[in-house]
Amino acid sequence: MKRIPHTFTIVFSLIVLAAMLTWVVPAGEFLRHTVDGREVVLSDSFHFVDRAPQTWQVFSALFNGFVDKADIIIFILMVGGAFWIVNNSHAIDVGVMAFLRRVQRLSRYKLVSKLGVDNIIITLVMLLFSLFGAVFGMSEETLAFVVVFVPLAISMGYDSMVGVCMCYVAAHVGFAGAMLNPFTIGIAQGIADLPLFSGLEYRVACWLILTVLGIAFVLWYAHRVKLNPERSPVYRLDDYWRSRVQSTEQQSLTTRQALILGLFFLTVVALVVGVLVWHWYIAEISALFFAMGILAGIIDRQGADDIAKLFLAGCKDILSAALVVGLASGIIFILRDGRVIDTLLYGLTRSLAQTGEVTSLGVMYLFQTLLNLVMPSGSAKAALTMPIMAQFADLIHVSRQTTVLAFQFGDGFTNMLTPTSGVLIGVLGIARIPYGTWLRWAWKFILALIVIGFILMLPTLWLDLPGF
């Protein structure tokens with residue numbers, strides 16, 4: 001078996017490749033103006049500019065990436081530190097085992113026994129997280145749930161891949177099939193001059209199809225791993241999680257652990273309410289989990305110095321994931337400073353002018369998908385591409401709503417694959433899954449989702465759908 005390169009090696013290689021691209025692709029820029037606080041591209045304003053090939057900048061990419069993604073990096077460190085304090089009490093591990101023992105009792109019911117308790121758990125959890133992704137764009141928040149669902153998956157006889165799929169993949173499948181996500185659909189429709197959240201009916205159908213397919217894939221994979229655990233690509237890597245689960249398998253939940261577990265659930269409730277009602281983002285969520293960690297330490301009768309040491313130990317444990325987030329962000333800096341992103345976008349619009357509806361839609365969708373590999377921010381990509389794509393849709397007689405759908409799918413699926421996604425790298429770091437292992441495991445599934453996304457766009461060309 002070929003040895004998979006270290007995540008740092010993979011990401012730095014991509015930085016070098018991006019720098020090489022700045023020597024080949026002509027430099028160009030669009031003019032931009034501000035609309036409702038958003039920077040929007042003027043569609044007919046492209047012009048070539050002086051080349052800015054990147055050389056030594058590949059070595060400053062880490063610094064620039066750290067500055068640009070400081071919020072996510074600090075978020076990862078604070079969540080890692082807070083959960084290290086919580087995990088020191090073993091409250092979550094013991095709580096997971098207690099939950100499984102209680103749920104297993106439902107097997108005495110014939111229907112539950114036939115469907116399988118584990119299958120029901122995976123399905124309900126994934127359905128919930130997919131809904132969160134579709135409604136309010138849950139993404140960064142999944143970082144906090146990895147330490148819960150990975151041990152749960154291991155306890156059920158699966159692997160860490162299944163645990164990551166239960167929360168992270170489910171949320172991002174929902175994110176791709178978004179119905180009411182203000183960060184992607186809301187911004188894209190606003191720029192395209194479409195009524196907010198119009199076309200909802202067909203988006204609900206798309207979300208349902210994608211979610212069902214995602215759950216079906218995870219259930220199939222989980223069943224395969226349970227039959228033969230050594231077929232899992234992370235079987236050896238999961239020794240850490242298995243040792244944690246085995247050490248708490250026979251323990252009963254103490255009063256202090258029950259209180260810490262209750263604190264954790266209150267934190268999750270506060271997280272959901274804060275995001276939905278008060279529009280919390282990374283700063284508020286970081287503070288919430290930091291407070292949870294301190295309170296958990298106090299409940300566990302840890303002294304102030306012990307809490308501080310545990311927090312630092314958690315930061316140290318998750319530091320490599322935070323470093324990769326900064327490094328991966330450097331890819332975007334190289335392309336942006338090399339002035340080639342706008343050139344690629346301009347070249348696409350010119351090449352599409354001579355093609356038919358289906359081909360134009362396919363190329364448009366492919367470009368959004370590939371662009372997401374280097375620019376995973378949905379709002380930034382909407383501001384860059386939608387002013388041009390919306391007007392281009394008018395020229396080829398394709399609904400602007402279809403263009404928004406192409407943006408939505410293109411923005412969503414490759415988030416689960418691109419090393420420039422701080423959330424993905426953070427999730428893998430917490431789950432202790434090397435990026436190369438994840439890439440080799442997930443690419444076929446993501447490719448299948450991309451193909452299904454294109455198939456789901458085709459009816460919008462031929463059917464009279466509401467909002468389209």
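Further up the page is the structure itself.
Since the structure is predicted, the reported quantities are computational estimates derived from the model, not experimental observations. (Residues numbered from 1 in each chain as written. Predicted model: local features only at pLDDT ≥ 70, side-chain atom pairs only at ≥ 80, totals over all residues. Heavy atoms only, no water.)

Enquirer: Can you walk me through the overall build of the protein chain in this structure?
Expert: A count of helices and strands for the protein chain gives 21 helices and 4 strands. Taking 468 residues into account, the globule formula puts the C-alpha radius of gyration at 23 Å, and the protein chain, at 23 Å, falls close to it. Across its three principal axes, the protein chain shows a C-alpha extent of roughly 70 × 55 × 50 Å. Residues counted as buried form 55% of the 468 residues belonging to the protein chain. Put simply, of all contacts in the protein chain between residues at least 6 apart along the chain, 79% involve residues at least 24 apart. (Helix = DSSP H or I, 4+ residues; strand = E, 2+ residues; numbered from the N terminus. Rg over C-alpha atoms; globule rule 2.2 N^0.38 Å. Buried < 20%, exposed > 50% of the residue type's maximum accessible area, 1.4 Å probe, protein only. Contact = heavy atoms within 4.5 Å.)

Enquirer: Looking at this structure, how should I read the pattern of salt bridges?
Expert: When charged atoms on two side chains of opposite charge get close, those side chains can pair. Applying the stated criterion to the full structure yields 3 salt bridges. For E29, the salt bridge identified is with R339, shortest N-O distance 3.6 Å. One end of the pair, E29, is in strand β1 (residues 28–29); the other, R339, is in the loop between α14 (304–337) and α15 (341–352), and 310 residues separate them in sequence. Residue classification places E29 among the partly exposed positions, given a relative accessible area of 28%. Judged by relative accessible area, R339 falls into the partly exposed class, the value being 32%. (Salt bridge = Lys/Arg side-chain N within 4 Å of Asp/Glu carboxyl O.)

Enquirer: How should I be thinking about the environment of M161 in this particular structure?
Expert: With respect to the element layout, M161 can be found in helix α8 (residues 160–176). Here M161 falls in the buried class, since its relative accessible area comes to 0%. A sequence separation of 77 residues divides M161 from D238, and the C-alpha atoms of the two residues are 9.6 Å apart.

Enquirer: What's the story with the packing of aromatic side chains in this structure? I'm lost.
Expert: For any pair of aromatic rings, the description consists of the separation of the ring centres together with the inter-plane angle of the planes. Across all of its chains, the model carries 19 aromatic pairs by this definition. On the numbers, 6.3 Å between centres and 35° between planes, the contact of F12 with F59 is tilted. One end of the pair, F12, is in helix α1 (residues 7–24); the other, F59, is in helix α2 (residues 57–68), and 47 residues separate them in sequence. The rings of F217, W220, Y221, W438, W441 and F445 are connected pair by pair, giving a single aromatic cluster. Across the ring face of Y235, the terminal group of R242 is positioned such that the distance to the ring centre comes to 4.5 Å. When the ring centre of F333 is taken as origin, the NZ or CZ atom of R336, which lies over that ring, is 5.3 Å away. (Phe/Tyr/Trp six-rings, centres within 6.5 Å; stacked < 30°, edge-to-face > 60°. Lys NZ or Arg CZ within 6 Å of the ring centre and 35° of its normal.)

Enquirer: Can you walk me through helix α20 (residues 435–457) in this structure?
Expert: Residues separated by three or four positions in an α-helix point in the same direction, a consequence of the helix having 3.6 residues per turn. Across its 23 residues, α20 extends 30 Å between first and last C-alpha, which sits within 8% of the 33 Å expected from 1.5 Å per residue. The largest bend along α20 measures about 45° and falls at A442. (Expected span 1.5 Å × (residues − 1). Bend = angle between axes of the 7 residues up to and from the residue.)

Enquirer: Sorry if this is basic, but what is going on with the nonpolar core here?
Expert: Soluble, globular proteins show a tendency: their nonpolar side chains are buried together. Counting residues in hydrophobic clusters, the biggest one holds 133 residues, and the most contacted among them are M166 and W438. Looking at which element gives the most residues to this core, the answer is α8, with 12 residues. In this structure, M166 is in contact with I121, I122, V125, M126, F129, F149, L152, A153 and M156, ignoring residues within four places of it in sequence. Of all hydrophobic cores here, the second largest spans 11 residues; its members include A178, I187, A382 and F407. (Core = buried A, V, L, I, M, F, W, Y, C linked by side-chain atoms within 4.5 Å.)

Enquirer: Whenever I open this one, a positive patch on the surface confuses me. Can you help?
Expert: Taken together, the side chains of R101, R102, R105 and R108 define a basic patch exposed on the protein surface. Locating R105 in the fold gives a position in the loop between α4 (91–104) and α5 (110–115). (Patch = residues over 30% accessible without salt bridge, like charges linked within 9 Å, V, L, I, M, F, W, Y side chains within 5 Å. Areas by Shrake-Rupley, 256 points an atom, 1.4 Å probe, with all protein chains shown as cover. Lys, Arg positive; Asp, Glu negative; His and termini not counted. Charge placed at Lys NZ, Arg CZ, Asp CG, Glu CD.)

Enquirer: Looking at this structure, I do not really get the packing of helix α10 (residues 200–227) against helix α18 (residues 400–412). What am I missing?
Expert: Helix packing geometry: the angle between the two helix axes and the distance between the axes. At a minimum axis separation of 12 Å, α10 and α18 run at an interaxial angle of 25°. Here α10 is positioned roughly parallel relative to α18, judged by the angle of their axes. When the axes of α10 and α18 are compared, the crossing they make is right-handed. Packed against α10, whose contacting residues are Y202, R203, C206 and L210, the element α18 presents Q401, V404, L405, Q408 and F409 at the interface. Among the residues making up the contact of α10 with α18, the classes are represented as 6 nonpolar, 2 polar and 1 charged. (Axes fitted to C-alpha atoms, helices over the stretch in contact; angles between N-to-C directions. Parallel < 35°, antiparallel > 145°, perpendicular 65-115°, else oblique. Left-handed = near helix turned anticlockwise from the far one by under 90°. Nonpolar A, V, L, I, M, F, W, Y, C, P; charged D, E, K, R; others polar.)

Enquirer: Help me out: how do you make sense of helix α3 (residues 70–88) in this one?
Expert: Spanning 19 residues, α3 covers 27 Å between terminal C-alpha atoms, matching the ideal 27 Å at 1.5 Å per step. One or two positions beyond α3, positive phi appears at H90, with a value near 60°.

Enquirer: Looking at this model, I keep getting lost on the side chain of S286. Mind explaining?
Expert: Structurally, the position occupied by S286 is in helix α13 (residues 282–299). Note on S286: relative accessible area 5%, which makes it buried. Residues contacting S286, with those up to four places away along its chain left out, are F75 and M78.

Enquirer: Quick question: what am I supposed to make of unusual backbone geometry here?
Expert: Most peptide bonds take the trans configuration, and most residues that are not glycine carry a negative phi. Backbone geometry at R339 places phi at a positive 60°, although glycine is not the residue there. For R432, which is not glycine, the phi torsion reads 65° and is therefore positive. You can call R432 partly exposed: its relative accessible area is 30%.

Enquirer: Would you mind showing me how to read the side chain of H172 here?
Expert: Of note, H172 is situated in helix α8. Ignoring sequence-local partners within four residues, the contact set of H172 consists of M138, S139, G412, N415, M416 and V423.

Enquirer: Would you take a moment to explain the state of the cysteines for this structure?
Expert: Simply put, the disulfide is a covalent bond whose two ends are the sulfur atoms of two cysteines. Counted by the stated rule, this structure contains 0 disulfides. C165 forms no disulfide, and the closest cysteine sulfur to it belongs to C167, at a distance of 8.8 Å. The exposure class assigned to C165 is buried, which follows from its relative accessible area of 1%. (Disulfide = S-S within 2.5 Å.)

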